[in-house]
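Descriptive analysis of the structure
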Amino acid sequence: MLDWLKNIHKEHPEFWKTYMSKFDKKGNRYVALSLDSTGLNPKKDVILSIGAIAVVTNNILIGDVFEVTIPQYKFLHDNGMPNDFLLESEQPKLSEVQAMEYFVNYIGNATLVGHRINFDIEMINEALEKLGCGRLKNEALDIEVMYKKLHDINNKNFSLDELSHVFKIAKSERISTTDDAFTIALLFLKLKSRLGFK
């Protein structure tokens, strides 16, 4: 049987069916997202942690946060990498299966916002594929792309630190994916305002 035909009849996990049902109408919630991974190849690398925070009607909802560390001990051990990051992280630790389920439940139909967001989404899609799920349906916005559009720049890239410096956002002392997600949310609100969209 052809692979595409198999996928039509594939039984998805319940949490994925619930997630898919949330796209009947468009929401007004944005989720600023950041993740740490073992590298830059979505096919070979894995997610180590995810931090996210919600933005609704120009407000960052500090009580609406998602943060998790995924102990990828086997991957780290097989690739000769240290476990220091995982051991020192104060974020809740969940298996990849639990983390993906909770994350998908958390984002719902929100528009995802990030710095080079396509990479983050591709990493998440690879993790979801392992669980027999499809790909994320959420719309996505990239703050680097927004900044380039604002200033009509095509020939230069900007790190999160550079964008923070431009907008005079103080760098957090404790670096984590959640801290980065908060910085992304602040930058998003500033860029959203300057670009004039709701």
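Source: prediction; values computed, not measured. (Residues numbered from 1 in each chain as written. Predicted model: local features only at pLDDT ≥ 70, side-chain atom pairs only at ≥ 80, totals over all residues. Heavy atoms only, no water.)

**Thoughts on the packing of helix α7 (residues 143-151) against helix α9 (residues 177-195)**
Closest axis-to-axis distance for the α7/α9 pair is 10 Å, and the angle between their directions is 30 degrees. Relative to α9, α7 is oriented roughly parallel. The element α7 and its partner α9 pack so that their crossing is left-handed. On the side of α7, the interface is formed by Ile 143, Met 146, Tyr 147, Lys 149 and Leu 150, while α9 contributes Ile 184, Leu 187, Phe 188, Leu 191, Lys 192, Arg 194 and Leu 195. Looking at side-chain class alone, the contact of α7 with α9 contains nine nonpolar, no polar and three charged residues. (Axes fitted to C-alpha atoms, helices over the stretch in contact; angles between N-to-C directions. Helix = DSSP H or I, 4+ residues; strand = E, 2+ residues; numbered from the N terminus. Parallel < 35°, antiparallel > 145°, perpendicular 65-115°, else oblique. Left-handed = near helix turned anticlockwise from the far one by under 90°. Contact = heavy atoms within 4.5 Å. Nonpolar A, V, L, I, M, F, W, Y, C, P; charged D, E, K, R; others polar.)

**Side note on the environment of Ile 153**
With respect to the element layout, Ile 153 can be found in the loop between α7 and α8 (160-166). You can call Ile 153 buried: its relative accessible area is 18%. Aside from chain neighbours lying at most four places away, what touches Ile 153 is Tyr 147, Lys 148 and Phe 158. (Buried < 20%, exposed > 50% of the residue type's maximum accessible area, 1.4 Å probe, protein only.)

**Notes on the pairing of strand β3 (residues 59-69)**
As judged from the eight bridges shared by strand β2 (residues 47-56) and β3, these two strands associate in the antiparallel manner. The residue of β3 that forms the bridge with Ala 52 is Phe 66. Linking β2 back to β3 in an antiparallel pair, the connection comprises two residues, with Thr 57 at a positive phi of about 40 degrees. (Pairing = 2+ DSSP bridges.)

**Quick notes on the confidence of the model for the protein**
Overall, the prediction assigns the protein a mean pLDDT of 87, with 84% of residues at 70 or greater. Within the protein, helix α1 (residues 3-9) has the poorest average pLDDT of any element, 46, and strand β4 (residues 111-114) the best, 98. Contacts for the low-pLDDT stretch residues 1-9, under 50 throughout, to residues beyond four places or in other chains number one contact. (pLDDT = per-residue confidence, 0-100.)

**Quick notes on the packing of helix α5 (residues 96-107) against helix α6 (residues 117-130)**
Pairs of packed helices are described in terms of their axes, by the angle between the two and the distance that separates them. Two numbers describe how α5 lies on α6: the axes approach to 10 Å, and their chain directions differ by 115 degrees. For the pair α5 and α6, the sense of crossing is left-handed. Side by side, α5 and α6 meet where Glu 96, Met 100, Phe 103 and Val 104 of the first sit next to Ile 124, Ala 127, Leu 128 and Lys 130 of the second. Classifying every residue of the contact of α5 with α6 by side-chain character gives six nonpolar, no polar and two charged.

**A closer look at the side chain of Glu 126**
Examined against the element boundaries, Glu 126 turns out to sit in helix α6. For Glu 126, a relative accessible area of 12% translates into the label buried. Not counting residues up to four positions away in its chain, the partners in contact with Glu 126 are Pro 42 and Lys 43.

**Overview of unusual backbone geometry**
You will see that Asn 58, though not glycine, has its phi angle at about 65 degrees, which is positive. Summarising the element assignment, Asn 58 is placed in the loop between β2 and β3.

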